[in-house]
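What follows is the residue order along each chain.
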Amino acid sequence: MEPIISLEGISFSYHRPDGEIEALSDISFSVSKGEFVSLVGPSGCGKSTILSILAGLNQAGSGTVDIRDGVSFGYMFQQDLLLPYQTIWKNISLGPSIHKTLTPETKKRLKALLYKYGLSHFSENYPGQLSGGMRQRAALIRTLALDPDILLLDEPFSALDYQTRLLVADDIGRIIRKENKTAILVTHDLSEAISLSDKIIILSNRPAKVVKIMDIDIPCKDKGSLAVREHKRFGDYFQVLWKEMNTPHE
């Protein structure tokens, strides 16, 4: 399948008063339409920097980023960033309101998403009245409001307790696949990466390099990430990924 995104030889350095810090070195990979890809690697190795380059928030120092014409991005951060004094409806319709695209058709689509993902009875509630999992679903619907082609997910489950994280990751993974979206996830959780992904890109310590790309072939992904965790192949993938993550790389 033809890639929707290709990175070739990407490098990036942060400029500080005491000198440059090289964050990325010769990063190359591609993502095809409909793929769910995870970026894993040591803390501070530059995973989130890759997302910011794709989103246009940072510019690569060298290399090329090839994004198919017309492709748009939606970004989910570690915190849901819902506006606390606005209703859930106001939050999810904020993007279309700003872009002046809150047409009757858009409102109908947003109401359908609220209904589809169990939030239709909470549209006039405020974020503080919702559970963490419901807030993350609302944040995802807000991200989907502008109908992006690619979702950039920067550890969107990390603020949740473990049990809620499992359920919300499963929930949001299902939503992304149902909406046929392409997704790139940054995570430190290896089990999460395996259970959600079609492909995992393993990065080294800073300056990050791609040390391995693992294709994840577990046939029950359509049943959700919790079902994937119970599959007999899951443990094998975890062992390979764990070994790779704990092998020193130059």
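See the structure printed just above.
Notes on the structure in this doc start here. All figures in this text were calculated on a predicted structure; none of them were measured in a lab. (Residues numbered from 1 in each chain as written. Predicted model: local features only at pLDDT ≥ 70, side-chain atom pairs only at ≥ 80, totals over all residues. Heavy atoms only, no water.)

What follows concerns the packing of aromatic side chains. A complete count under the given rule lists three aromatic pairs for this structure. Pairing Y75 with F77 gives two aromatic rings, centres 4.4 Å apart and planes at 10°, and the pair type is stacked. On the numbers, 6.2 Å between centres and 10° between planes, the contact of F238 with W242 is stacked. Of the two residues, F238 and W242 are both situated in helix α9 (residues 234-245); the distance of four residues between them amounts to about one turn of the helix. Judged by relative accessible area, F238 falls into the partly exposed class, the value being 26%. The cationic tip of K111 hangs over the ring face of W89; the distance from NZ or CZ to the ring centre is 5.9 Å. (Phe/Tyr/Trp six-rings, centres within 6.5 Å; stacked < 30°, edge-to-face > 60°. Helix = DSSP H or I, 4+ residues; strand = E, 2+ residues; numbered from the N terminus. Buried < 20%, exposed > 50% of the residue type's maximum accessible area, 1.4 Å probe, protein only. Lys NZ or Arg CZ within 6 Å of the ring centre and 35° of its normal.)

This paragraph deals with a nonpolar patch on the surface. Judged by side-chain polarity, L83, L94 and I98 come together as a nonpolar surface patch covering roughly 260 Å² of accessible area. Examined against the element boundaries, L94 turns out to sit in helix α3 (residues 94-98). A residue is classified by how much of its surface remains accessible, and L94, at 33% relative accessible area, is partly exposed. (Patch = residues over 30% accessible without salt bridge, like charges linked within 9 Å, V, L, I, M, F, W, Y side chains within 5 Å. Areas by Shrake-Rupley, 256 points an atom, 1.4 Å probe, with all protein chains shown as cover. Salt bridge = Lys/Arg side-chain N within 4 Å of Asp/Glu carboxyl O.)

Another point: the environment of V40. Turning to its location among the elements, V40 is positioned in strand β3 (residues 36-40). Spatially, the C-alpha atoms of V40 and D217 are 18 Å apart, while their sequence positions differ by 177 residues. If sequence neighbours within four positions are ignored, V40 has contacts with K47, T187, L190, A193, I200, I201, I202, L203, L241 and M245. (Contact = heavy atoms within 4.5 Å.)

Next up on the list: the environment of K116. Mapped onto the secondary structure, K116 falls in helix α4 (residues 104-116). C-alpha separation for the pair K116 and L185, spaced 69 residues apart in sequence, amounts to 23 Å.

Further remarks concern helix α6 (residues 162-178). In this model α6 runs 24 Å from its N-terminal to its C-terminal C-alpha over 17 residues, within 8% of the 24 Å that 1.5 Å per residue would give. You can read the cap of α6 off the contacts: a side-chain oxygen lies 3.3 Å from the backbone nitrogen of Q163, and it is on D161. With its phi angle positive at about 55°, N180 sits one or two positions after the end of α6. (Expected span 1.5 Å × (residues − 1). Polar contact = N/O pair within 3.5 Å; in protein donor to acceptor, adjacent residues only side chain to side chain.)

This part takes up the pairing of strand β8 (residues 199-203). One face of the sheet, then the other: side chains in a regular strand alternate in exactly this way. By the criterion of burial, β8 is predominantly enclosed, with five of the five residues buried. Side-chain alternation along β8 places K199, I201 and L203 on one buried face and I200 and I202 on a second face that is also buried. Here five bridges tie β8 to strand β9 (residues 210-215), and the two strands are oriented antiparallel to one another. Bridged to I200 within β9 is M214. (Pairing = 2+ DSSP bridges.)

Our focus in this paragraph is the pattern of salt bridges. Summed over the entire model, instances satisfying the criterion amount to nine salt bridges. R135 is paired through a salt bridge with D80; the nearest N and O atoms lie 2.8 Å apart. Residue R135 is located in helix α5 (residues 132-144), and its partner D80 is located in the loop between β5 (73-76) and α2 (88-92); the two are separated by 55 residues in the primary sequence. In this structure, the salt-bridge partner of R174 is D170, at a minimum N-O distance of 3.1 Å. Here R174 pairs with D170, and both are found in helix α6, just four residues apart, close to one helical turn.

As a further point, take the side chain of E35. Relative to the assigned elements, E35 resides in the loop between β2 (19-32) and β3. You can call E35 buried: its relative accessible area is 16%. Looking at E35, its side chain comes within polar contact range of the side chain of K199, at 3.5 Å. Excluding residues within four positions of it along the chain, E35 makes contact with S30, K181, T182, A183, D198 and K199.

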